[in-house]
Amino acid sequence: MGVHGVKAVFFDLDNTLVDTAAAGRRAIEEVLRLAFCVLQVINALQEKHHYGEGEARVICDKVQAKLLKECHDPAKMCITDLRISHWEEAIQETIGGEANRNLAAECYFLWKRTRLQHLTLAEDTRGMLTELRKGVRLLLLTNGDKQTQREKIEACACQPYFDAIVVGGEQKEEKPAPSIFHYCCDLLGVQPAECVMVGDSLDTDIQGGLNAGLKATVWLNKAMTTPGDTSPVPHYIISSVLDLPSVLQKMEHKVNAKLGTDHVAGSNA
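This structure is a prediction, so every number in the text was calculated from the model and none was measured.

Chemist: Please explain the overall build of the protein chain as it appears in this structure.
Modeler: Scanning the protein chain for helices and strands turns up 9 helices and 6 strands. Classification of the 269 residues of the protein chain by burial places 45% in the buried group. Counted over contacts in the protein chain with a minimum sequence separation of 6, partners at least 24 positions apart contribute 64%. Carbon and sulfur atoms provide 52% of the accessible area of the protein chain, an area that totals close to 13700 Å².

Structure, rendered in structure tokens:
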């Protein structure tokens, strides 16, 4: 499908094309089972302590909180060491005693492996991307550590559906900086005013698209929540990424209507 005035569509990855949050929840449940079993072993060795599922869940909750606040500098530490440290700290904060790096590493790698196993590009999303690519160029634009994001991209096997893939951790700046969007435009040989950004984050995807002067921004708002008063305002809002083709059709109708109006005005001049 061709869209008048739109030559390229940029897609975010996490929680836009793939449900990273759901995959993360499944991974945490797997680690909970592991942590609970380990705590039972500790109970057997240390009769004065009685740890159970509650403590295991506290450990996992602490890790989730650390991930949300994570500030990673790849020049100082690799992402693997940092995230093993999250688990190590959470275990020690919860049950005390000496740090247990081996247990922390086991928890981390189980979490990582399970999350990647559940990162899938849904069949209907694949179909939509295939159809869109018949008329416009597609680019995947994701923030994050290069190793982590490249592993996700490999896991969900989305490479064949895109003309280019850009990972923020491999660039000088990430979304919402205009520079990474302009880099994407240069990769595809298009102008910002010919591109549409689709993503679930108002702060990075939508604000970034606005900063870069893209033709339109499309906010994926699955919960259909109301944005804050100070939030950037997207051009369009959808509750499913599968609604994007209808948005692009609306854009085309608007352009065609304007062209018709301009033609009539020119005829009357």
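Chemist: It is not clear to me how the packing of helix 3 (residues 79-95) against helix 4 (residues 101-117) should be interpreted in this structure. Could you clarify?
Modeler: Angle between the axes and distance between the axes: these two values describe a pair of packed helices. Where helix 3 contacts helix 4, the axes come no closer than 8 Å and their chain directions differ by 120°. Compared by their axis directions, helix 3 and helix 4 come out oblique. Along this stretch, helix 3 crosses helix 4, giving a crossing that reads as right-handed. Across the interface between the two elements, Thr80, Asp81, Arg83, Ile84, Ser85, Trp87, Glu88 and Ile91 of helix 3 pack against Arg101, Leu103, Ala104, Ala105, Cys107, Tyr108, Phe109, Trp111 and Arg115 of helix 4. A per-class count over the contact of helix 3 with helix 4 returns 10 nonpolar, 2 polar and 5 charged.

Chemist: Just to check I follow, could you spell out helix 2 (residues 53-68) for this structure?
Modeler: An α-helical turn contains 3.6 residues, so a residue and the one three or four places further along point in the same direction. For helix 2, with 16 residues, the first-to-last C-alpha span of 23 Å sits near the 22 Å given by 1.5 Å per residue. Among all positions of helix 2, only Ala56, Ile59, Cys60, Val63, Lys66 and Leu67 are buried. In an axial view of helix 2, the angular spread of the buried residues amounts to 120°, which keeps them on one side of the axis.

Chemist: Sorry if this is basic, but what is going on with the sheet that holds strand 3 (residues 164-167) here?
Modeler: Strands in a sheet are paired, the pairing made by backbone hydrogen bonds, and the direction either parallel or antiparallel. Reading across from one edge, 3-2-1-4-5-6 is the order of the 6 strands in this open sheet, with parallel pairing throughout. The strands lining the two open edges of the sheet, one partner per strand, are strand 3 and strand 6 (236-238). The mean inter-strand angle of the sheet, taken between neighbouring strand axes irrespective of direction, is 20°. Sheet topology note: the strand 1 (residues 8-11)/strand 2 (residues 137-142) ladder contains 4 bridges and is parallel. Residue pairing in the sheet places Phe10 in a bridge with Leu139 of strand 2. On top of the sheet, helix 6 (residues 146-156) reaches strand 2 and strand 3; it is set at about 145° to strand 3, its chief contact.

Chemist: Looking at this structure, I do not really get the environment of Val6. What am I missing?
Modeler: Note that Val6 resides in the segment before strand 1. The class for Val6 is buried, based on a relative accessible area of 3%. Residues Val6 and Gly135 lie 129 residues apart in sequence; the distance between their C-alpha atoms is 9.2 Å. Sequence-distant contacts of Val6, that is, excluding residues within four places in its chain, are made with Val136, Glu194, Val196, Lys215 and Met251.

Reading the values: the criteria
- In this convention, every chain numbers its residues from 1, walking through the sequence in written order.
- Local features in a predicted model are, by the rule used here, given only for residues with pLDDT of at least 70; side-chain atom pairs are given and counted only at 80 or more, and totals for whole chains, interfaces and linings are based on all residues.
- Computation of side-chain values: all heavy atoms of the structure, hydrogens and water removed.
- Starting at the N terminus, helices and strands are each numbered in turn, a helix being any DSSP run of H or I of at least four residues and a strand any DSSP run of E of at least two.
- Throughout this description, buried means an accessible area under 20% of the type-specific maximum (1.4 Å probe, protein chains only), exposed means over 50%, and partly exposed covers the range between.
- Between two residues, a contact is recorded if the distance between any of their heavy atoms is within 4.5 Å.
- A 1.4 Å probe and the Shrake-Rupley method give the accessible areas. Residues count as covered only by the protein chains that appear here.
- For helices, the axis comes from a line fit to the C-alpha atoms of the stretch in contact; other axes are also lines fit to C-alpha atoms, and the angle between any two N-to-C directions lies between 0 and 180 degrees.
- Orientation labels follow simple angle bins: below 35 degrees gives roughly parallel, above 145 gives roughly antiparallel, 65 to 115 gives roughly perpendicular, and whatever is left gives oblique.
- We call a crossing left-handed when the near helix sits turned anticlockwise from the far one by less than a right angle, and right-handed when that turn is clockwise.
- Amino acids are sorted into nonpolar (Ala, Val, Leu, Ile, Met, Phe, Trp, Tyr, Cys and Pro), charged (Asp, Glu, Lys and Arg) and polar (every other residue, Gly among them).
- Take the residue count of a helix, subtract one, and multiply by 1.5 Å to get its expected span.
- Arc definition: it is the arc formed by the directions from the helix axis to the C-beta atoms.
- Only strands joined by at least two bridges in the DSSP assignment are considered to pair.

By themselves, these observations are geometric and do not establish any function.
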